[in-house]
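# Chains, contacts and geometry: an overview
Spelled out from the first residue to the last, the chains are:
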Amino acid sequence: MAERKRDFEWPTLLLLALVYLGWALATTVLPELSMPLAFAVLVLSIVLHSSLQHEVLHGHPFAARSLNEALVFLPVGLAYPYGRFRDTHLAHHRDERLTDPYDDPESNFMDPAVWERLPAWRQRIMRVNNTLAGRMVLGPALGMLSFYATDFRAIRAGDWAVARDWVLHLAGLVAVLVWVGYSGFGWTPYLLAAYAGMSILKIRTFLEHRAHELARGRTAIVERGAILPFLFLNNNLHIVHHAKPNVAWYRLPQLFRENRDAYLRRNDGYYYASYGDIFRRYFLRAKDPVPHPLMRRK
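Here we summarise the structure given alongside this text. The model shown is predicted, which means the values in this text are computed figures rather than measured ones. (Residues numbered from 1 in each chain as written. Predicted model: local features only at pLDDT ≥ 70, side-chain atom pairs only at ≥ 80, totals over all residues. Heavy atoms only, no water.)

This part covers the overall build of the protein chain. Helices and strands together make up the secondary structure of the protein chain, namely 16 helices and two strands. Taken over C-alpha atoms, the radius of gyration comes to 19 Å for the protein chain, in line with the 19 Å a tight globule of 298 residues would show. Dimensions along the principal axes, computed over C-alpha positions, put the protein chain at roughly 55 × 55 × 40 Å. Per-residue burial for the protein chain yields a buried fraction of 49% across its 298 residues. A fraction of 70% describes how many contacts in the protein chain between residues 6 or more apart in sequence connect residues 24 or more apart. Carbon and sulfur atoms make up 62% of the accessible area of the protein chain, which totals about 15,300 Å². Averaged over its 35 positive side-chain charges, the protein chain has a centre that lies 4 Å from the centre of its 26 negative ones. (Helix = DSSP H or I, 4+ residues; strand = E, 2+ residues; numbered from the N terminus. Rg over C-alpha atoms; globule rule 2.2 N^0.38 Å. Buried < 20%, exposed > 50% of the residue type's maximum accessible area, 1.4 Å probe, protein only. Contact = heavy atoms within 4.5 Å. Areas by Shrake-Rupley, 256 points an atom, 1.4 Å probe, with all protein chains shown as cover. Lys, Arg positive; Asp, Glu negative; His and termini not counted. Charge placed at Lys NZ, Arg CZ, Asp CG, Glu CD.)

Given below as C-alpha cells:
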C-alpha cells in the first residue's frame, strides 16, 4: 500500500523554527553572555539552514513550492542565491552524469585537457583543495569564485533566470544586513561564521561522489556519527538520498537500516564507517586526482 502523503512534516518545521531561533539568539542575546558561544551557535545555525534549504528544494515540508521556498528565502549563509542552489543541485541529481566536469554542476573533477593547460601554481592549489584540510580552508573561497564567475557569464549572455535569482538574493541580503546591523553583532564575526559554516558543509561534499564506471557506484555511504550526520540531515547516507531524493531527511536512517546490504551492493561498496575515518585518511592526503580519471584526454 502506498504511503499517504503528509500535509506537513513537523520534524522539518520544528527544526527550521529552532534554526531561526538559534540564529536570532546568536546575533542578539548570546554575545552578551559569551561571544564564543554566540559564534558557535551562529555557525551551527548557518549549516543547518543550508541543509534545510536542501530539504526544501526536494519538496519539503509542504506540497506548495512557493510556501517551502518562503521558509528558507533569507540568505543567512550569505554566499549563494537559493534559486541557483536549487537549480544546480537538481541538475546534479541526474545520476547518469554524476562527477562529469561539464554536466554535473557539483563535480570536483576537471577535464584532463583543461587540467593540463593550467599553470603550475593553480594545479598546486587544486591539489591542496583535494585534501580534506584544503577543502575546508580553501574550498569555500574556490567554490564561490567558480560559482560567481559561471553565473556572471550566464547573466552577461542574457540568462534572466539567473539574474532574477541574484536580484532576489540581494533583496534577502539587505534584510540580513539590516538585522545584523541593528543587532550590533558585527559584520566581521558574521562573515567568519558564514565561512566556517561553508567549511563544515565541505566535509559532507568532500567525497559524496567518486569516479566510477557505473552511475550507481558513484555515491557514498558514511554510516555512523552523531553531530555531523545531524548537521547534514542524514545526507551522510548519500546513496539512500540519491535513490530516493524526495524522502524526508528523518526517514533516511530507517531506510538504510532496512536495506543496508542492498544499498552497499548498489553503490559497489563505496563506504566509510564514520567521518572520523575520513579525517584520519584524507585530512592531509588527497582522496582523488583533480583531472577526472575516467575521461579521455583529447
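Attention now moves to the side chain of Thr12. Within the secondary structure, Thr12 is located in helix H1 (residues 10-27). For Thr12, a relative accessible area of 3% corresponds to the buried category. With residues up to four places along the chain from it excluded, the contact list for Thr12 reads Leu52, Pro61, Trp249 and Tyr250.

Tallied over the full model, the rule gives one cavity of 30 Å³ or more. Computed from the structure, the largest cavity encloses a volume of approximately 40 Å³. Taken together, Arg204, Leu207, Glu208, Ala220, Val222, Asn235, Asn236, His238 and Tyr275 make up the full set of residues lining the largest cavity. For the lining of the largest cavity, the per-class residue count stands at four nonpolar, three polar and two charged. (1 Å grid on protein atoms, 1.4 Å probe; cavity = no way out; pocket = protein on both sides within 12 Å on 5 of 7 lines; lining within 4 Å. Points joined across faces, edges and corners; volume = space filled by probe spheres on them. Nonpolar A, V, L, I, M, F, W, Y, C, P; charged D, E, K, R; others polar.)

In this section: the nonpolar core. In terms of nonpolar packing, the biggest core is built from 46 residues, with Leu42, Tyr190, Leu207, Phe232 and Ile278 touching the most fellow members. Elements that contribute at least two residues to this core include exactly H1, helix H3 (35-57), helix H5 (82-92), helix H8 (132-137), helix H10 (160-183), helix H11 (187-205), helix H12 (227-231) and helix H16 (275-282). Excluding residues that lie within four positions of it along the chain, Leu42 makes contacts with Trp23, Ala26, Thr27, Phe185, Tyr190 and Ala193. If you look at the next biggest cluster of nonpolar residues, it comprises ten residues, including Leu237, Ile239, Leu255 and Leu264. (Core = buried A, V, L, I, M, F, W, Y, C linked by side-chain atoms within 4.5 Å.)

Bringing the packing of H5 against H10 into the picture now. Relative to each other, H5 and H10 sit at 135°, their axes nearing to 7 Å. Taken as axis vectors, H5 and H10 run oblique relative to one another. Contacts between H5 and H10 involve Gly83, Arg84, Arg86 and Asp87 from the first element and Val162, Arg164, Asp165 and Trp166 from the second. Taken together, the residues of the contact of H5 with H10 break down into two nonpolar, one polar and five charged. (Axes fitted to C-alpha atoms, helices over the stretch in contact; angles between N-to-C directions. Parallel < 35°, antiparallel > 145°, perpendicular 65-115°, else oblique.)

In this section: unusual backbone geometry. Cis geometry marks the peptide bond from His60 to Pro61, where omega comes out at -5°. Of note, Pro61 is situated in the loop between H3 and helix H4 (65-71). Even without being glycine, Thr99 reaches a positive phi, approximately 75°. Phi at Asp268 is positive, roughly 55°, even though this residue is not glycine.

Moving on, we get to the pattern of salt bridges. Summed over the entire model, instances satisfying the criterion amount to twelve salt bridges. Two residues, Arg204 and Glu208, come together in a salt bridge whose shortest N-O distance is 2.5 Å. Salt bridges sharing partners connect three or more residues here, namely Arg65, Glu69, Arg86 and Asp87. (Salt bridge = Lys/Arg side-chain N within 4 Å of Asp/Glu carboxyl O.)

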